[in-house]
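# An overview of the molecular structure
If you want the building blocks of each chain, they are given just below.
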Amino acid sequence: MDNRAIGVFDSGLGGLTAVKQLMRELPHEDIIYFGDTGRVPYGTRSVDTIIKYVEGDIRFLKTFDIKIIVVACGTASAVALPVIGSSIGLPAVGVLDAASKAAVKVTKNKKIGIIGTPSTIASKAYGTKIRSLMADVGIYSAACPLFVPLVENGHTSSEVVRLVAQEYLGDLKDSGIDTLILGCTHYPLLKGVISGIMGNDVALIDVGEQTAKRVGEFLCENGLMSERTGKGSCRYFVSDTTENFEKLGSLFLQQRIEGLVNKVDIEKY
Ligand code: DGL
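The notes below deal with the structure included here. (Residues numbered from 1 in each chain as written. Predicted model: local features only at pLDDT ≥ 70, side-chain atom pairs only at ≥ 80, totals over all residues. Heavy atoms only, no water.)

Quick look at the pattern of salt bridges now. Any two side chains of opposite charge can pair, so long as their charged atoms come close to each other. Within this structure, the stated rule accounts for 13 salt bridges. For K129, the salt bridge is made with D97, and the minimal N-O distance between the two is 4.0 Å. With K129 in helix α6 (residues 125–133) and D97 in helix α4 (residues 95–106), the pair connects residues that are 32 residues apart, well separated along the chain. For D97, a relative accessible area of 36% puts it in the partly exposed group. For R214, the salt bridge is made with E221, and the minimal N-O distance between the two is 3.7 Å. Judged by relative accessible area, R214 falls into the partly exposed class, the value being 23%. Salt bridges linked by common partners bring D36, R39, D57 and E267 together as one network. (Salt bridge = Lys/Arg side-chain N within 4 Å of Asp/Glu carboxyl O. Helix = DSSP H or I, 4+ residues; strand = E, 2+ residues; numbered from the N terminus. Buried < 20%, exposed > 50% of the residue type's maximum accessible area, 1.4 Å probe, protein only.)

Given below as structure tokens:
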């Protein structure tokens, strides 16, 4: 039993897709969330910059009494975790492994699509993981660079998102995939638009949901669940103004987070 908090981070709002599921799966756990809203997006930056940002994010989270780090960012999972994972000094669960395992379980025709940020897609990390789990699998991928800025600005179902999504997803739709990994934690916020384009025959793998399940399994297997019987708390930190995050975060989490969000100078970590 371990009552320490779960530390979660992302480049911005996207990791809340994992937080929402963590609250559902593990209601007694305390959560500390950091969204690097001052430096978002990560997915169009160099590998060195992403690693530098991720190291700072982790150093900040480690200033709290936490028992595990959840890398709720597809880009950080694909690009930084393979390089720095063993030096974190705490267990770390990333979105990539959890989503890849889920996709392999779901696909029937062995044609799996992945959408993610340009850095995630360029890393080929999802394809490598999936191929290590399943032989003769077809991997089809597409980078969707405008999705993160659109979500960060509150566009989750507008006409502009639909047009951008049609442009990005056209080739994937024609490829005959039956499973599509939403390989960036911002993308579950666009699920409605994406499923409208891909159709009901394509299963969408929500990285936030899969990651929360994996965290639950890990805590259980390692005797690290909280023994609290009441509801856990969640504190939020961002590296830019709190207002936008509070507004969009409250809408998305369907609970008011005004007053629970603090600004941090992440460059100090
Ligand atoms: N949510 C992040 C991810 O999962 C977004 C990355 C970005 O900031 O570009 O990849």
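For the rest of this paragraph, the subject is the site of the ligand. Taken together, 14 residues lie around the ligand, and S11, Y42, G74, T75 and H186 are the ones closest in. For the ligand, a nitrogen atom lies 2.8 Å from a polar atom in the side chain of D10. In this structure, T75 approaches the ligand through a side-chain N or O atom, which is 2.6 Å from an oxygen atom. With the chains in place, 99% of the 290 Å² that the ligand exposes on its own is no longer accessible. Across the shell around the ligand, the residue classes break down as 6 nonpolar, 7 polar and 1 charged. (Near = heavy atom within 4 Å. Polar contact = N/O pair within 3.5 Å; in protein donor to acceptor, adjacent residues only side chain to side chain. Areas by Shrake-Rupley, 256 points an atom, 1.4 Å probe, with all protein chains shown as cover. Nonpolar A, V, L, I, M, F, W, Y, C, P; charged D, E, K, R; others polar.)

Taking burial as the measure, the 5 residues of strand β2 (residues 31–35) include 5 buried ones, the bulk of the element. Here β2 shows a buried face lined by I31, Y33 and G35 and a second buried face lined by I32 and F34. Regarding topology, helix α1 (residues 16–25) serves as the crossover connection from strand β1 (residues 5–10) to the parallel β2, and that connection is right-handed. In terms of strand pairing, β2 meets strand β9 (residues 234–238) through 5 bridges, oriented parallel. Its bridge partner being in β9, F34 is matched across the sheet by F237. (Right-handed = clockwise from strand over helix to strand, strands pointing away. Pairing = 2+ DSSP bridges.)

Another aspect to go through is the packing of α4 against α6. Two numbers describe a pair of packed helices, the interaxial angle and the distance between the axes. The N-to-C vectors of α4 and α6 enclose an angle of 50°; their axes lie 9 Å apart at closest approach. Between α4 and α6, the crossing angle belongs to the class labelled oblique. Of the two elements, α4 crosses α6, and the hand of that crossing is right-handed. Each of V95, L96, D97, A99, S100, K101 and V104 in α4 lies in contact with α6, whose residues at this interface are A125, Y126, K129, I130 and L133. Here the residues of the contact of α4 with α6 are counted per class, giving 8 nonpolar, 1 polar and 3 charged. (Axes fitted to C-alpha atoms, helices over the stretch in contact; angles between N-to-C directions. Parallel < 35°, antiparallel > 145°, perpendicular 65-115°, else oblique. Left-handed = near helix turned anticlockwise from the far one by under 90°. Contact = heavy atoms within 4.5 Å.)

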